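# Descriptive structure summary
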Amino acid sequence: MIEIIATAESVEQAELLLKAGVDTLYIGEETFGLRLPASFSREEQKEITELAHTAGKRLIAAVNGIMHPDKMKHVPEYLHFLAEIGVDQLTAGDPGVIYTLQKEKIDIPFIYDGETMVTSSRQINFWAKRGAAGAVLAREVPFEEMMNMSEQLLVPAEVLVYGATCIHQSKRPLLQNYYNYIQASEEKGKERGLFLSEPKKEETHYSIYEDSHGTHIFADNDISMILELDKLYDYGYKTWKLDGIYAPGENFVKVAKLFVEAKEGLESGNWTIEKAEQIQEQIQQLHPENRGLDEGFFHLDPDAIR
């Protein structure tokens with residue numbers, strides 16, 4: 001059975017996503033979670049968890065930051081809070097978080113989210129044998145390698161099917177260092193809408209922002225895998241992630257509804273390439289105008305980069 005996971009930017013959007021047919025909501029707070037559309041208060045996290053459960057759906061909490069000592073000392077209290085409000089799963093990439101979960105005997109299944117390191121069945125199965133209930137597959141893995149991996153996986157692998165792809169994270173405050181160099185005082189957060197362009201390629205658009213986890217840079221284009229969902233489904237990749245960090249508001253809910261429609265079509269055997277192409281056109285219209293769409297590394301020939 002296909003599971004559609006979607007980020008939420010507000011309590012109101014979370015309600016709309018549940019009504020649209022999303023199976024699982026993905027939220028958190030900036031102190032512990034990476035690249036979230038919004039940082040929720042404890043009260044909001046509790047409210048959204050209750051909304052999901054009332055609707056018969058699930059909630060995953062983001063605890064996937066690399067926790068330096070100043071953050072790690074707050075992790076145990078946060079994990080106990082998540083257990084108290086009844087979240088269904090959490091994402092974690094720092095072994096210290098996983099160790100704390102097990103040491104404190106906190107009964108929340110974790111999904112291993114090690115970013116670019118999750119590129120093989122061996123990596124995923126290593127963490128599966130140490131308690132992981134799933135893993136977030138690196139965005140850089142091409143489909144040819146995914147096909148080879150599929151039968152060897154011990155736990156489900158989450159695949160990004162819509163949204164922005166982070167291509168670089170540095171713990172260093174790169175934006176602040178730049179502003180210090182030019183002696184300027186500027187906002188560095190996601191809301192500022194900053195981006196980088198390649199020299200002599202003004203059309204390139206690498207979104208960049210800085211927060212307490214460091215500096216984050218995103219790919220020139222966002223992902224839409226609507227034309228490839230049948231391939232993912234056939235090879236057992238049935239955990240789909242929709243990331244709305246740069247696709248806000250009502251349009252993101254509409255995109256989620258289109259992926260729910262695709263899910264229903266695949267599971268009922270009524271999915272066609274013509275339908276996929278129609279939905280892709282609709283997604284393109286709903287996607288932010290200043291952001292491109294493509295299929296990322298999906299069709300990359302692994303031999304071309306060796």
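Residues numbered from 1 in each chain as written. Predicted model: local features only at pLDDT ≥ 70, side-chain atom pairs only at ≥ 80, totals over all residues. Heavy atoms only, no water.

## Thoughts on a nonpolar patch on the surface
Together, Tyr178, Tyr181 and Ile182 make up an exposed nonpolar region whose accessible area comes to about 380 Å². One can find Ile182 in helix H8 (residues 174-182). (Patch = residues over 30% accessible without salt bridge, like charges linked within 9 Å, V, L, I, M, F, W, Y side chains within 5 Å. Areas by Shrake-Rupley, 256 points an atom, 1.4 Å probe, with all protein chains shown as cover. Salt bridge = Lys/Arg side-chain N within 4 Å of Asp/Glu carboxyl O. Helix = DSSP H or I, 4+ residues; strand = E, 2+ residues; numbered from the N terminus.)

## Describing the sheet that holds strand E11 (residues 214-218)
Strand order in the open sheet formed by four strands is E8-E11-E10-E9, and the pairing between neighbours is antiparallel. Of all the strands in the sheet, just strand E8 (166-170) and strand E9 (195-198) have a single pairing partner and so form its edges. This sheet shows a mean twist of 25° between the axes of neighbouring strands, independent of strand direction. The pairing of E8 with E11 spans four bridges and is antiparallel. (Pairing = 2+ DSSP bridges. Axes fitted to C-alpha atoms, helices over the stretch in contact; angles between N-to-C directions.)

## Observations regarding the pattern of salt bridges
In total, this model carries 13 salt bridges according to the counting rule given. For the salt bridge of Arg42 with Glu77, the shortest nitrogen-to-oxygen distance reads 3.0 Å. Of the two residues, Arg42 is situated in helix H2 (residues 42-54) and Glu77 in helix H4 (residues 75-85); the sequence distance between them amounts to 35 residues. Owing to a relative accessible area of 23%, Arg42 belongs among the partly exposed residues under this scheme. When its relative accessible area of 46% is taken as the criterion, Glu77 is described as partly exposed. Across the pair Glu250 and Lys254 runs a salt bridge whose closest N-O atoms are separated by 3.6 Å. You can see Glu250 and its partner Lys254 sitting in helix H10 (residues 249-268), four residues apart, about one turn around the helix. The exposure class assigned to Glu250 is exposed, which follows from its relative accessible area of 54%. (Buried < 20%, exposed > 50% of the residue type's maximum accessible area, 1.4 Å probe, protein only.)

## Focus on the nonpolar core
With 81 residues, the main nonpolar core has Leu82, Leu90, Leu229 and Phe259 as its most contacted residues. Top contributing element to this core by residue count: H10, with nine residues. In this structure, Leu229 is in contact with Val161, Trp240, Phe259, Ala262 and Leu266, ignoring residues within four places of it in sequence. Listed in part, the seven residues of the second largest apolar core include Ile5, Tyr26, Ile60 and Val136. (Core = buried A, V, L, I, M, F, W, Y, C linked by side-chain atoms within 4.5 Å. Contact = heavy atoms within 4.5 Å.)

## Let's talk about the packing of aromatic side chains
Tallied over the entire structure, the rule returns 11 aromatic pairs. Look at Phe218 and Tyr246: their rings are 5.1 Å apart centre to centre, the planes differ by 85°, and that puts the pair in the edge-to-face class. You can see Phe218 sitting in strand E11 and its partner Tyr246 sitting in the loop between strand E13 (239-242) and H10, a full 28 residues away along the chain. Each of the two residues, Phe218 as well as Tyr246, counts as buried. By way of ring pairs, the aromatic residues Phe32, Tyr78 and Phe81 are connected into one cluster. Here the guanidinium or amino end of Arg130 rests over the ring plane of Phe126, the centre of that ring lying 3.7 Å away. Lying across the ring of Tyr246, Arg291 places its NZ or CZ 4.2 Å from the centre. (Phe/Tyr/Trp six-rings, centres within 6.5 Å; stacked < 30°, edge-to-face > 60°. Lys NZ or Arg CZ within 6 Å of the ring centre and 35° of its normal.)

## A short note on helix H1 (residues 11-20)
Among the residues of H1, those classed as buried are Val11, Gln13, Ala14, Leu17, Leu18 and Ala20. In this fold, the buried residues of H1 make contact with strand E1 (3-7), strand E2 (24-28), H2 and H10. Downstream of H1 by a residue or two, Gly21 has a phi angle that is positive, lying close to 110°.

## Structural notes on the pairing of strand E10 (residues 201-211)
With three bridges connecting them, E9 and E10 associate as antiparallel partners. Each bridged residue has a counterpart across the sheet, and for Glu198 the counterpart in E10 is Lys201. Where E9 folds back on E10, the antiparallel hairpin that results is connected by two residues, among which Lys200 adopts a positive phi of roughly 65°. Pairing of E10 with E11 involves four bridges; the strand directions are antiparallel. Bridged to Glu210 within E11 is Thr215. In sequence, E10 turns back onto E11 through a hairpin of two residues.

By themselves, these are just geometric observations and shouldn't be taken as functional.
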